[in-house]
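# Working through the structure, step by step
Below, each chain spelled out in residue letters.
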Amino acid sequence: MHKLMIALALFLTTVLIGWGMTLYYSDEPATFDVVAVAQTAAAGEKPVVGFTTTNTLIHITETLLYKPGGYISNDILPPFILMDDIPAWELGALEMIRDMALAMRADLSRSQSQSVENSLLKQIQPKFNIEHRSWAIPSPEEEYTAAIKLLRQYRQGLMAPGNQEHQFFARADNLRDWLKQVEKRLGSYSQRLSASVGQDRLNTDLAGDIAARQSTLTPDEMMIKTSWMRIDNEFYEARGASWALLHLLKAIEVDFADVLQRKNATVSLQQIIRELESTQQTIWTPMVLNGSGFGMLANHSLVMANYISRANAALIDLTELLAQG
């Protein structure tokens, strides 16, 4: 009997410790001041064009790796393997990191479509595309850390006097290309979040083009509903993506200040940032609620979808402004 009580006490202690660790490691990173962080990294020098965006990408990735508990998406031991909210948050942030790394390689570091791509960004971008749940060698942590080191070299190259190889071009067309990709991301998150309560959706895949065709036939009307087991995952993935995008847009506001002012688009960008800031409000319930549309309980997914949809609508307006002469 005495041994049974000791074993029970040890079991309960282990459960309590695991539960406490889960709560601590589930705390989402706070927002940060991209300008202040860039000024610190510049060590007293005046940041050049592209420095703030590059430094923000570095800081977001570092946050992913060095937040409480570190990077846990690929952890296979308890209590981390039992957690799914923060891994979903990490995936959302990582998707925005990947999109920005690709934009920097393909557009922001190149003046024209025929120009040579940057040698460092050519190495950096694939490192972010490793399977984020992989625990084998090389691990995501190793690849992301290597990408950070290369990004620091690129950042240093931007600041080097007389530098010719490492450039960042703050052009309206370059910015618009990245924003078009962000539009698709936000549109996807909005649709997935809205499906938390189930929706009858008409098939609009071929709308607007009478000659359009697709590989296989799909129903004219479909019921789309997120599994109750994935509702919180979808919510936290969108929340992580919004967190990362929020900081990247603040950095863009700095590096593309002249372009935005010339297009009279600064206030449009600031409105997008304001909507994304709303996605980071504190969640006051212990779990993501999924009440019906006008039911008695809140539906956190629909609230998040509302903020993201409004941000996406403003983003579409911003890309239109940038396209104008």
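Residue positions within a chain follow its written sequence, with the count starting from 1. Local features in a predicted model are, by the rule used here, given only for residues with pLDDT of at least 70; side-chain atom pairs are given and counted only at 80 or more, and totals for whole chains, interfaces and linings are based on all residues. To obtain the side-chain values, all non-hydrogen atoms of the structure were included, while hydrogens and water were left out.

So, on to the overall build of the chain. When helices and strands are counted, the chain shows eleven helices and two strands. Sequence-ordered secondary structure for the chain, helices as α and strands as β, is α-α-α-α-α-α-α-β-β-α-α-α-α. Taking all 325 residues of the chain together, 46% fall into the buried category. With an accessible surface of roughly 17,700 Å², the chain has 57% of that area assigned to carbon and sulfur atoms. Only DSSP runs of H or I with at least four residues qualify as helices, and only runs of E with at least two residues qualify as strands; both kinds are numbered from the N terminus onward. The cut-offs for exposure are 20% and 50% of the maximum accessible area for each residue type, with area from a 1.4 Å probe on protein chains only; residues under the lower value are buried, those over the upper are exposed, and the others partly exposed. To measure how exposed things are, a 1.4 Å probe is used in the Shrake-Rupley method; for residues, cover is taken only from the protein chains shown.

Lines fitted to C-alpha atoms define the axes here, with helix axes fitted over just the stretch in contact, and angles between the N-to-C directions of these axes take values from 0 to 180 degrees. Remark: helix H4 (residues 85-108) packs on helix H8 (residues 231-255), axes separated minimally by 7 Å, with the N-to-C direction vectors making an angle of 35°. Relative to H8, H4 is oriented so that their crossing is right-handed. Residue-level contacts link Asp85, Ala88, Trp89, Leu91, Gly92, Ala93, Met96 and Met100 of H4 to Asp232, Asn233, Tyr236, Glu237, Arg239, Gly240, Ala241, Trp243, Ala244, Leu245, Leu248 and Ile252 of H8. Crossing handedness: left-handed means the near helix sits turned counterclockwise from the far one by under a right angle, and right-handed means the same turn made clockwise. The contact criterion used throughout is that any non-hydrogen atoms of two residues lie within 4.5 Å.

The next thing to look at is the packing of aromatic side chains. Think of a pair of aromatic rings as described by two things: how far the centres are apart, and how the planes are tilted against each other in angle. Only rings of Phe, Tyr and Trp enter the pairing, Trp through its six-membered ring, and a pair is recorded when the two centres are within 6.5 Å. The plane angle decides the type: under 30 degrees is stacked, over 60 is edge-to-face, the rest tilted. Across all of its chains, the model carries six aromatic pairs by this definition. Aromatic side chains Tyr71 and Tyr144 sit 5.7 Å apart centroid to centroid with 90° between the ring planes, which places their arrangement in the edge-to-face category. Here Tyr71 is found in the loop between helix H3 (51-66) and H4, whereas its partner Tyr144 is found in helix H6 (residues 140-159), with 73 residues between them in sequence. We note that Tyr71, like Tyr144, is buried. Seen from their ring centres, Trp89 and Trp243 are 5.0 Å apart, and the 50° between their planes marks the pair as tilted. Taken together, the residues Trp89 in helix H4 and Trp243 in helix H8 connect sequence positions 154 residues apart. Here the two residues Trp89 and Trp243 agree in accessibility, since each one is buried. The structure contains a cluster of three or more aromatic residues connected by ring pairs, namely Phe32, Trp89 and Trp243.

Because an α-helix packs 3.6 residues into every turn, residues spaced three or four apart end up facing the same way. Compared with the 18 Å implied by 1.5 Å per residue over 13 residues, the 19 Å span of helix H10 (residues 266-278) between its first and last C-alpha is a close match. Residues of H10 that are buried include every one of Ser268, Leu269, Ile272, Ile273, Glu275 and Leu276, and no others. Projected onto a plane normal to the axis of H10, the buried residues spread over an arc of 160° and lie on a single side. Relative to its buried face, H10 has exposed residues pointing more than 90 degrees away, namely Val267 and Arg274. The inward-facing, buried residues of H10 contact H8, helix H9 (257-262) and helix H11 (300-323). Expected helix span is computed as 1.5 Å times (number of residues minus one). This arc is taken over the directions from the axis of the helix to the C-beta atoms.

Before going further, it helps to spend a moment on the pattern of salt bridges. By definition here, a salt bridge exists when the distance from a side-chain nitrogen of Lys or Arg to a carboxyl oxygen of Asp or Glu is within 4 Å. With the rule as written, the count across this model stands at 14 salt bridges. In this structure, Glu90 and Lys67 form a salt bridge, with 2.5 Å as the shortest nitrogen-oxygen distance. Taken together, the residues span a long stretch of sequence, with Glu90 in helix H4 and Lys67 in the loop between H3 and H4 at a distance of 23 residues. We classify Glu90 as buried; its relative accessible area is 1%. Note that Glu183 and Lys180 form a salt bridge whose closest N and O atoms lie 3.8 Å from each other. Residue Glu183 and its partner Lys180 are located together in helix H7 (residues 172-194), separated by three residues, close to a single helical turn.

Quick look at the nonpolar core now. Only buried residues count toward a nonpolar core, which is a set of Ala, Val, Leu, Ile, Met, Phe, Trp, Tyr and Cys residues joined through side-chain atoms within 4.5 Å. Of all hydrophobic cores here, the largest spans 69 residues; its most connected members are Trp178, Leu249 and Leu318. The element that contributes the greatest number of residues to this core is H8, accounting for twelve residues. Look past the residues within four positions of Trp178 in its chain and what remains in contact with it is Asp99, Met100, Ala103, Leu245, Leu248, Leu249 and Ile252.

The next point concerns the environment of Gly70. Relative to the helices and strands, Gly70 resides in the loop between H3 and H4. A residue is classified by how much of its surface remains accessible, and Gly70, at 14% relative accessible area, is buried. Residues Gly70 and Glu141 lie 71 residues apart in sequence; the distance between their C-alpha atoms is 9.3 Å. For Gly70, the residues in contact, after removing those within four places along its chain, are Leu64, Leu65 and Glu90.

Cis rather than trans, the peptide bond between Ile137 and Pro138 has omega equal to -5°. For Pro138, the position within the fold is in the loop between helix H5 (119-127) and H6. Although it is not a glycine, Ala43 sits at a positive phi angle of roughly 55°. Mapping Ala43 onto the fold places it in the loop between helix H2 (34-42) and H3. Take Ala43: its relative accessible area is 64%, and that puts it in the exposed class. Here the phi dihedral of Asn264 falls at roughly 55°; this positive angle occurs in a residue that is not glycine. In this fold, Asn264 is placed in the loop between H9 and H10. Exposure remark for Asn264: the relative accessible area of 64% places this residue in the exposed category.

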